[in-house]
Amino acid sequence: MAVLPTMIQAHRSKEYAMNAPLTAHLLPKVDPRPAPPAMIDALKARLGERCSSALAVREQHGRDESPFDVPPPELVVFCESTEDVAAVVKLADQYSVPVIPYGAGSSLEGHLLAVQGGICIDLSRMNSVLSVQAEDLTVTVQAGVTRNQLNDEIRHTGLFFPIDPGADASIGGMSATRASGTNAVRYGTMRENVLALTVVTANGHVIRTGTRAKKSSAGYDLTRLMVGSEGTLGVMTEVTVRLFPQPEAVSAAVCNFPSIAGAVQSTIEIIQMGIPIARCELLDVNAVKAVNRHDKLNLREAPMLLMEFHGTPASVKEQIEAVEQIARDHGGLAFEWAETPEERKRLWTARHHAYFAGLQLKPGCRSVTTDTCVPISRLAECLLETVAEVDASGLPYFIVGHVGDGNFHVAYLIDPEIPAERETAERLNVQLVERALRLDGTCTGEHGIGLHKMDFLVAEAGAGAVDMMRMLKRALDPKNIMNPGKIFAA
């Protein structure tokens, strides 16, 4: 995988300046594709006040949680129906102007940045739960519904939607990035849980993929093609997902370890023994310190596993006993239990705040955040080598991970006024991805490719596979208007 640094260096030679505190690494220089006055007039005629060119609105929709700063989109349109989206995309197709879908804005890899200008399609007002099929364990929602909103609205059914990436992301955005999160070790990712979609294609046509049936062998699997496509093949407007029964018994616990190695080895054994743990999250000592300060907790400041068990009272008890024994074998300290819903919520809220808590470790910093995923048997090797490298660099950082499925995140904290710190973070990121690929893993477990990991995709999948992706993109989006500049250069 020595090709990666060479590829990064090649891209650095093509950097270009932006009105931003950080240089945008890996971004090819492209010319904006402005919307002509006729298109703007048509959009305003259809959407009225829901079409905004106000700088504050544009800037709000031109930033995510990535370290990139890119000029904002030319216009923001607030759609309220699939028909609205189709009308906008038809105009974009007619005038060859880019469109970028926008959900909750919580992307970490620059997915929603308007690198070629264009129109931002805000889907947040498409926030209706359209139908709940409790008997079939499915629900259909508009793309702007967030995961917390969905669970609030179906709570009375005794069912819940388990995919939990941390942020209160929209279901459409989660589908577009193939999100997963804390519950994936037991319930899977969006790939397994999206059954059907309504999609507006690049020419403004509306198609429906999949059904509510549990399986099908009818033709190409267009649902799987769209899930994870990051808005580059179409705009998802409705999503049908699986639901799960709320567990009869839930118990959560934290367990500290003298070293990160003990926590990781415990996780490996838990998974290899087939214990159906619902959540198994790692926080390194830096992350624990951060959430203590941010959420006013008094957790022991040492590497920690935050775990949750679902099932019947008897099965939860069996899981707990098995996990406690494994943890003791690897130096784990006594479990601290969160038995009540209020105590569990406090713990998981703190975990979900870890990213923003971590930023406070270095006031005024920006985070270069990355994630990888490796086979569970290689997790210790990957994570421990990563820790040694970043410790040696002297750069502040913190690590959180959905380690139950081999996925972890590193946030490198940099001063935006010191370019050398950005260079160090990018070097560490390259080394981490090289290591993950060498261990048969992936360059991104759940963040997606976006802008930041385009070259890594080539290293992981190979030039031939990426060329096939380009062929699909050109066939479905010949004018390259659907979120251009993401995943790979067209």
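Overview of the structure.

Calculation criteria
Residues numbered from 1 in each chain as written. Predicted model: local features only at pLDDT ≥ 70, side-chain atom pairs only at ≥ 80, totals over all residues. Heavy atoms only, no water. Helix = DSSP H or I, 4+ residues; strand = E, 2+ residues; numbered from the N terminus. Buried < 20%, exposed > 50% of the residue type's maximum accessible area, 1.4 Å probe, protein only. Contact = heavy atoms within 4.5 Å. Areas by Shrake-Rupley, 256 points an atom, 1.4 Å probe, with all protein chains shown as cover. Pairing = 2+ DSSP bridges. Axes fitted to C-alpha atoms, helices over the stretch in contact; angles between N-to-C directions. Polar contact = N/O pair within 3.5 Å; in protein donor to acceptor, adjacent residues only side chain to side chain. Disulfide = S-S within 2.5 Å.

**As for the overall build of the protein**
Consideration 1: Helices and strands together make up the secondary structure of the protein, namely 18 helices and 18 strands.
Consideration 2: Based on the C-alpha atoms only, the size of the protein along its principal axes is roughly 70 × 55 × 45 Å.
Consideration 3: The burial tally for the protein puts 58% of its 490 residues in the buried class.
Consideration 4: Contacts in the protein between residues at least 24 apart in sequence constitute 73% of all its contacts with a sequence separation of at least 6.
Consideration 5: Surface accessibility of the protein: about 19,600 Å² in total, with carbon and sulfur atoms responsible for 53%.

**Here's the deal with the sheet that holds strand E1 (residues 51–52)**
Consideration 1: If you trace the four strands from one edge of the open sheet to the other, you get E1-E2-E4-E3, paired in mixed fashion. Sheet topology places E1 and strand E3 (99–102) at the edges, where each strand pairs with a single neighbour.
Consideration 2: As paired elements, E1 and strand E2 (residues 75–78) share two bridges and run antiparallel to each other. Within E2, the residue paired with Ser-52 across the bridge is Val-76.
Consideration 3: Of the strands in this sheet, E1, E2 and strand E4 (119–122) are in contact with helix H2 (residues 37–47), which crosses E2 at around 25 degrees.

**Notes on the side chain of Asp-477**
Consideration 1: Examined against the element boundaries, Asp-477 turns out to sit in the segment after helix H18 (463–476).
Consideration 2: Within polar-contact distance, the side chain of Asp-477 engages the backbone nitrogen of Met-482 at 2.9 Å.
Consideration 3: Apart from the residues within four sequence positions on either side, Asp-477 is in contact with Ala-202, Thr-232 and Met-482.

**Observations concerning the state of the cysteines**
Consideration 1: Inspection of every chain in the model, using the stated rule, returns zero disulfides.
Consideration 2: Summary of cysteine pairing: Cys-280 is not part of a disulfide, and the nearest cysteine sulfur, belonging to Cys-255, is at 10 Å.
Consideration 3: What makes Cys-280 buried here is its relative accessible area of 2%.
Consideration 4: The thiol of Cys-382 is unpaired, and the distance to the nearest cysteine sulfur, on Cys-373, comes to 9.4 Å.
Consideration 5: The exposure class assigned to Cys-382 is buried, which follows from its relative accessible area of 0%.

**Some words on unusual backbone geometry**
Consideration 1: One non-glycine residue with positive phi stands out, namely Asp-440, at about 65 degrees.
Consideration 2: Locating Asp-440 in the fold gives a position in the loop between helix H16 (419–438) and helix H17 (454–461).
Consideration 3: Phi at Asn-483 is positive, roughly 45 degrees, even though this residue is not glycine.
Consideration 4: The residue Asn-483 is located in the segment after H18 in this model.
Consideration 5: For Asn-483, a relative accessible area of 3% translates into the label buried.

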